[in-house]
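In case you want the letters, here they are:
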Amino acid sequence: MISVGVDVSKGKSTVCFMKPYGEILISPYNLQHCEHDLMQLVEQIHRLNEIQYWRF
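Along each chain, residues carry numbers from 1 onward, in the same order as the chain's sequence is written. A pLDDT threshold of at least 70 governs which residues receive local features in this predicted model, and a stricter bar of 80 or more applies before side-chain atom pairs are shown or counted, although totals over entire chains, interfaces and linings include all residues. Calculated side-chain values reflect all of the structure's heavy atoms, with hydrogen atoms and water omitted.

Some remarks on the pairing of strand E2 (residues 12-18)
- Strands were regarded as paired on the criterion that DSSP finds at least two bridges between them. Secondary structure is summarised from DSSP: a helix means a run of H or I of at least four residues, a strand means a run of E of at least two, and numbering begins at the N terminus for each. Note that strand E1 (residues 3-8) and E2 share 6 bridges and pair antiparallel. If you follow glycine 5 over to E2, its bridge partner there is cysteine 16.
- Joining the antiparallel neighbours E1 and E2 is a turn of 3 residues.
- Where E2 hands over to strand E3 (residues 24-32), the hairpin turn is made up of 5 residues, of which tyrosine 21 adopts a positive phi near 65 degrees.

What follows is the structure, encoded as structure tokens:
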């Protein structure tokens, strides 16, 4: 299972992707609250979900 941590603040969010037991898949990074950045986040989640699905 992959966990997505999101720390939301007023103008931006910090996102990190982790495997169980805290193994970091994608280091924390900031994204702005705009359509472009949020769509990139959604696409990244979909890509990681597909990779995980095909490993089993």
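Concerning the environment of proline 20
- Secondary-structure assignment places proline 20 in the loop between E2 and E3.
- The spatial distance from the C-alpha of proline 20 to the C-alpha of serine 3 is 7.6 Å, given a sequence separation of 17 residues.

Overview of the sheet that holds E2
- Strand order in the open sheet made by the 3 strands is E1-E2-E3, with antiparallel pairing throughout. The open sheet terminates on both sides in strands that have one partner only, identified here as E1 and E3. Each neighbouring strand pair of the sheet contributes to a mean axis angle of 15 degrees, computed without reference to strand direction. Each axis is a line fitted through C-alpha atoms, and for a helix only the stretch in contact is used; angles between axes span 0 to 180 degrees, taken between their N-to-C directions.

Side note on the side chain of aspartate 37
- As for its position among the elements, aspartate 37 is in helix H1 (residues 35-55).
- When a residue's accessible area, from a 1.4 Å probe over protein chains only, is under 20% of the maximum for its type it is buried; when over 50% it is exposed; and in between it is partly exposed. Under the convention used here, Asp and Glu are negative, Lys and Arg are positive, and both His and the chain ends fall outside the count. What counts as a salt bridge is simple: a side-chain nitrogen of Lys or Arg found within 4 Å of a carboxyl oxygen of Asp or Glu. Of the side chains with opposite charge, lysine 12 lies nearest to the buried aspartate 37, which makes no salt bridge, at 11 Å.
- In this view, aspartate 37 contacts Leu31 and Gln32; residues no more than four positions away in its chain are not counted. Should any heavy atoms of two residues lie within 4.5 Å, those residues are counted as being in contact.

Focus on the nonpolar core
- The term nonpolar core refers to a set of buried residues drawn from Ala, Val, Leu, Ile, Met, Phe, Trp, Tyr and Cys, joined through side-chain atoms within 4.5 Å. Judged by nonpolar contacts, Val15, Phe17, Leu31, Leu41 and Leu48 together constitute the single largest core of 5 residues.
- Looking at this core, the elements that each hand over two or more residues are E2 and H1.

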